[in-house]
Each structure stands twice: as structure tokens, then as C-alpha cells.
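Residue strings, one per chain:
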Amino acid sequence: MTLPTTIEEALPVGGVAAEAVAALAAATVIGTFVMLNTALAGPWAKRKITAAFTDRISVNQFGPLGVGIVVPDAVRLVSKELIVPEGADRPAWDLAPLVLVFSALFAFAVIPMGNGVHLADPAVGLVFVFAIASVASLGLVMAGYASNNKYAFLGGLRAVAQNLAYEIPLILIGISVVLYTGSLQMSEIVATQRETLVSLGPLSVPGWFAIVNPFAFVLFLVANVAEVGRNPFDVPEAPTEIVAGYQTEYSSVYFVLIYLGEFVHIFLGGAIIATIFLGGPAGPVLPGIVWFLLKIWAMFLFTQWLRSAVPRVRIDQLIEIGWKRLLVLAFVNLFATATVVGVLAA
Amino acid sequence: MSEWTAIGALAVVALAIPGSMMVVSWLLRPSVPEQGKRATYESGEVPTGSSYGLRFNIQYYMIALLFLVFDVETIFIIPWTVVFEDAVGELGFLRAFAPMVVFLGLLVFGLAWAWRNGAVEWVRDTTAQREVTDRTEL
């Protein structure tokens, strides 16, 4: 049962008004949940993780382990002066941060988070996620073009080239999972993974698609890192080459929104991986939502680990890896999976 | 309750969250208008010209063109993956698999052609290369 239905049944009244209230309340819960994770990740966890990797001290003055830094940091960032660059293409320049945040937050609508925290479960769930998440490219183009800055322009172009190159492998690998499930519905994909793959005495290994098809899992991890634009594929921002890419001219709340959009996108990537490869909210002992949180935070840690450990690739290498390696491997994976599924089903 | 009511509600919330942040910032932030600081950043130099007429690498067009083909193709693959297992049971493996092999085979052939003709090769700036050779001659 999805979250809006649960809330609607708990309400004393029925009808269209109750439905609307329940839907909005459930959506607010999901939105707040995602925002809380992001607020913790951006100003605090990212600093802590980078400090641990580079053997330095980071935020530690305010609250336990310095976690209180989230509040003053939010106030500091939001109360900065907004500087509009000369000759900026106004409506587009203002809308770009909105589009980035919107696309990343909106895609969480169909992600099952366990314990009934699941906003909606349409039959086209997986396609919905990929479709909405890729709207972010539009925001990146807008930000890059409308800033009237050469670095921003180059960053915007690179961001598009990268998203185009890695979108196809990402979807091709993602839908190889659908060959097993025969459904795009998120709840169905999670349910299929609950079945036991092999029993080793008292231990039963679940049929998570990361275990069933580790080849696809590794490919998807790589494509996902490129899709969310993190190291080693962070050429659109590349601080050593083009300042900060498409976000060069953004300050104040717009800067916060662009950063927020990126972090929500990292968590969205983690949520997609958790859902289609790691059994969604499934796991022993602990409740489902805790497992879901553990999985998306593990994916966040993974991106931050790469950030500290792997050097950036060049733009020409990035295009080559995308079109010549990953796309070919994605086709190989799709054919191989179809053959295995077909032979087993026949 | 319809699934899409809830999804629509999240669309509203996903706009309201950044929207409310913009309103809060608008209430809090100072405004000290001054022409100098509005200049676009060009490594501290006085910016020359605008970015709107900037020439850029033709490669970005080639990639976008290639993307269009493959993006449309994924739309056709998705329904096939959904019905594949049932289709194998009904028609047998070969009749469910072979049409997609032909379809994807044509696309992979297209990719190989584009690859051979250098569409996914990064085009180098010819003027930059000439400067390098000139310098070696000196």
C-alpha cells in the first residue's frame, strides 16, 4: 500500500478533498525526507568524508561530530547577496536552478523506500524515473548558456555531451533487469528480487540483481557516476580547467539550489541502484527504511570515495569511454541477459 | 486513489521547496548594486565580448545527432524487454529473440560505421596543431 492511500484511510473524511490533502501530505513527507538527507550530505557528510580521506580535520565545533554546522551553513548561504552577471539571459538564468532541483526531487515519486514509504507505484515506474531524471540536462544547458560566461558555456556543453553519452548505456543496462521481472513497476521489480536465489545451509541468498548479474551492476555503477557528474567524470565542472563550469556565475540561493540539485541527483542515482540492483528496501533484521537509507548512503560514500581517490578523465577520454566502451558493453549485456532469460524460459 | 494524483502532488512540492528557499533568501539577503561586480568572471581579466556568439567544437553536434538515434531506439527496446519472457513461452526463443537481434544489429552496424568515420573521435583544433608544428620548426 502506498503512503497517500495510508494517509487517506486515516483521515476522518473522504472524497476529492481528502484525496488531495493525503496526496500533498505524502508528497511533503517524501520531499522533506529527501531534503533532510541532502542537508546532512552537503554541508556535513561531504566535508567529514573528504577530511577522513585526506587526513585533515573538518567541521567539529557545533553539535556532536560537528553535525550542527548544517543550520548556520544554510543561513549563511541563503543570506548572501545575489549578483546577476551582466548580459545574463534572465528568465532562463533564473529557471535553471529550479529545473535542476525539480527534476531530481520529482523522480523520487516512484521509489519504494520501505515500511510503506512509497508515494506512487505506476506501471511505468522505471521509465518514469529515467525520463524525469534526464530533464536535469535541460537545466544544465540553460545554466551554461544563460550565464553569458565563457566558462559556463563550455561547462554547459560538456555537461550535455556527457549526459548524452551516458544516458543510453544507463537505460540499456537498467532495462536488462526488466528482462527478468517482465514489468516496469517498481514494487514488482523489488518483489522479484525477494525470491531466494540459492540456499547455503541456514543462509538464503536473495535474488538481488547485483548478485544475479554483477556485470550489469558494475556497468550501471560506472554509468551512474557519469550521469550524476561526479569524479572521475566531473569534466562539466572541472575546477582546474573551467573554474566551475555552468555554475560559475551563480551566487546566493541559486548557488545553493544548483548544489542541492546535484546532491539530490546523487541520492536519486543511489535510490535507483538500490531499487533495481540491491533489492530496494529488503534486508535482514532492521526495518526496510533503514536498509534503504543504508543503501543510498553507501552509494553517496562511494561517490565521495571516488572524488578523493580517482583523477579526472579528459573530455575526449570521457566521450570515448561512453560511446566506444560502455555502450558496446551495454549491448553485450543486453544480448547476454536476453539469451540467458530466453534459454531458461524456453 | 490514482497514482498520478500523488505524483502530481510531488511535482507541486518539488517546485515549492526551491521556491520557498528563493523567497526566504529574497527576504534575508542584502542588495548593494554596483556595476563592477556584475562583470562576468574571466580569470580576473576584463571580460571581452559575450559568450552568446562563441564558436565551439563541431563534435558536440555529432554526439547529439548520434544520441537522437540511440535514444529513439531505447524507446523500442523497453516494450520488448517487458514482454520478452512471455513471448519466449508463446513463440519460442528464436522467434522472440531474432527480430530484436536484427533491429539492434542494424543499430550496432550504424555505430560501427560512425566509429570508423570518426564521429565519436574527438576533433582536434587544426589551428592549435599548426601552432605546435610551427614552434618545432623554429
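What counts and what doesn't
Residues numbered from 1 in each chain as written. Chains lettered and ligands numbered in written order. Predicted model: local features only at pLDDT ≥ 70, side-chain atom pairs only at ≥ 80, totals over all residues. Helix = DSSP H or I, 4+ residues; strand = E, 2+ residues; numbered from the N terminus. Rg over C-alpha atoms; globule rule 2.2 N^0.38 Å. Buried ≥ 20, exposed ≤ 12 C-beta atoms within 10 Å, placed from the backbone. Contact = placed C-beta atoms within 7 Å. Pairing = 2+ DSSP bridges. Axes fitted to C-alpha atoms, helices over the stretch in contact; angles between N-to-C directions. Parallel < 35°, antiparallel > 145°, perpendicular 65-115°, else oblique. Left-handed = near helix turned anticlockwise from the far one by under 90°. Nonpolar A, V, L, I, M, F, W, Y, C, P; charged D, E, K, R; others polar. pLDDT = per-residue confidence, 0-100. Expected span 1.5 Å × (residues − 1).

### Considerations on the overall build of chain A
Then, number 1: Along its length, chain A carries 14 helices and 2 strands.
Then, number 2: Computed over C-alpha atoms, the radius of gyration of chain A comes to 21 Å, within 12% of the 20 Å expected from 2.2 N^0.38 for 346 residues, which places it in the range of a compact globule.
Then, number 3: In terms of overall dimensions, chain A has a C-alpha envelope of 65 × 55 × 45 Å along the principal axes.
Then, number 4: Counting across all 346 residues of chain A, residues that qualify as buried make up 53%.
Then, number 5: A sequence separation of at least 24 residues applies to 75% of the contacts in chain A between residues at least 6 apart.

### Notes on the overall build of chain B
Then, number 1: Within chain B, the secondary structure is distributed over 4 helices and 0 strands.
Then, number 2: Its helices and strands taken in sequence order, chain B reads α-α-α-α from the N to the C terminus.

### Here we look at the pairing of strand 2 (residues 203–206) of chain A
Residue and element names in this part refer to chain A.
Then, number 1: With 4 bridges connecting them, strand 1 (residues 196–200) and strand 2 associate as antiparallel partners. What sits directly across from T196, in strand 2, is P206.
Then, number 2: Here strand 1 hands over to strand 2 after 2 residues, with G201 in that stretch at a positive phi of 65 degrees.

### Things to note about the packing of helix 4 (residues 90–106) of chain A against helix 1 (residues 3–28) of chain B
To describe two helices that pack against each other, one gives the angle between their axes and the distance between the axes.
Then, number 1: Put simply, helix 4 of chain A and helix 1 of chain B touch, their axes get as near as 9 Å, and they point 140 degrees apart. In terms of their interaxial angle, helix 4 of chain A and helix 1 of chain B are classed as oblique. Crossing of helix 4 of chain A over helix 1 of chain B shows right-handed handedness. Contacts from A:P97, A:L98, A:V101, A:F102, A:L105 and A:F106 in helix 4 of chain A reach B:L10, B:A11, B:A14, B:L15, B:I17 and B:P18 in helix 1 of chain B.
Then, number 2: Within the contact of helix 4 of chain A with helix 1 of chain B, the residues separate by chemical class into 12 nonpolar, no polar and no charged.

### Brief notes about the packing of helix 14 (residues 315–345) of chain A against helix 3 (residues 93–116) of chain B
Then, number 1: Axis separation between helix 14 of chain A and helix 3 of chain B bottoms out at 11 Å; the angle between their running directions is 170 degrees. It follows from the interaxial angle that helix 14 of chain A and helix 3 of chain B lie roughly antiparallel. On the side of helix 14 of chain A, the interface is formed by A:K324, A:F331, A:A338, A:G342 and A:V343, while helix 3 of chain B contributes B:F93, B:A96, B:F97, B:L104, B:V108 and B:W115.
Then, number 2: Across the contact of helix 14 of chain A with helix 3 of chain B, the residue classes break down as 9 nonpolar, 1 polar and 1 charged.

### Re the interface of chain A and chain B
By a widespread convention, an interface's size corresponds to the accessible area lost as its parts come together.
Then, number 1: Residue-level contacts link 72 residues of chain A with 60 residues of chain B.
Then, number 2: Secondary structure elements with two or more residues in the side of chain A that touches chain B: helix 1 (3–10), helix 2 (15–54), helix 4, helix 7 (150–181), helix 12 (252–277) and helix 14 of chain A.
Then, number 3: In terms of residues, the side of chain A that touches chain B owes the most to one element, helix 7 of chain A, which gives 12 residues.

### Examining the environment of A:L98
Then, number 1: Assignment of secondary structure puts A:L98 in helix 4.
Then, number 2: Residue classification places A:L98 among the partly exposed residues on the basis of 19 C-beta atoms within 10 Å.
Then, number 3: Along the sequence, A:L98 and A:T275 sit 177 residues apart, while their C-alpha atoms lie 26 Å from each other.
Then, number 4: Contacts of A:L98, omitting those with residues within four sequence positions, involve A:L257 and B:P18.

### So, the confidence of the model for chain B
All names here are of chain B.
Then, number 1: Here chain B averages 80 in pLDDT, while 88% of its residues score no lower than 70.
Then, number 2: When mean pLDDT is compared element by element in chain B, helix 1 scores highest at 90, while helix 4 (residues 126–137) scores lowest at 54.
Then, number 3: The complex model carries a pTM of 0.89, and its ipTM stands at 0.85.

### What to know about helix 12 of chain A
Then, number 1: The first and last C-alpha atoms of helix 12 of chain A sit 38 Å apart over 26 residues, in line with the 38 Å expected at 1.5 Å per residue.
Then, number 2: Looking at the residues trailing helix 12 of chain A, positive phi occurs at A:G279, about 70 degrees.

### Some remarks on helix 13 (residues 288–309) of chain A
Residue and element names in this part refer to chain A.
Then, number 1: With 22 residues, helix 13 should reach 32 Å at 1.5 Å per residue; the first-to-last C-alpha distance of 31 Å fits that figure.
Then, number 2: Residues of helix 13 that are buried include every one of G288, W291, F292, K295, I296, M299, F300, T303 and Q304, and no others.
Then, number 3: Of the surrounding secondary structure, the elements contacted by the buried residues of helix 13 are helix 2, helix 10 (214–227) and helix 12.

### Points about the environment of A:A274
Residues and elements named next belong to chain A.
Then, number 1: By secondary structure assignment, the location of A274 is in helix 12.
Then, number 2: For the pair A274 and L293, spaced 19 residues apart in sequence, the C-alpha to C-alpha distance is 9.6 Å.
Then, number 3: Ignoring sequence-local partners within four residues, the contact set of A274 consists of G280, F292, K295 and I296.

### Quick notes on unusual backbone geometry
All names here are of chain A.
Then, number 1: The backbone of V243 shows a phi angle near 60 degrees, a positive value even though the residue is not glycine.
Then, number 2: Examined against the element boundaries, V243 turns out to sit in the loop between helix 11 (239–242) and helix 12.
Then, number 3: C-beta crowding within 10 Å serves as the criterion here: with 20 such atoms nearby, V243 is assigned to the buried category.
Then, number 4: Of note in the backbone geometry, S252 takes a positive phi value of approximately 55 degrees without being a glycine.

### Topic: the environment of B:Y60
Then, number 1: If you trace the backbone, B:Y60 turns up in helix 2 (residues 59–91).
Then, number 2: Separated by 60 residues in the primary sequence, B:Y60 and B:V120 have C-alpha atoms spaced 9.9 Å apart.
Then, number 3: For B:Y60, the contacting residues outside a window of four places in its chain are A:L157 and A:A161.

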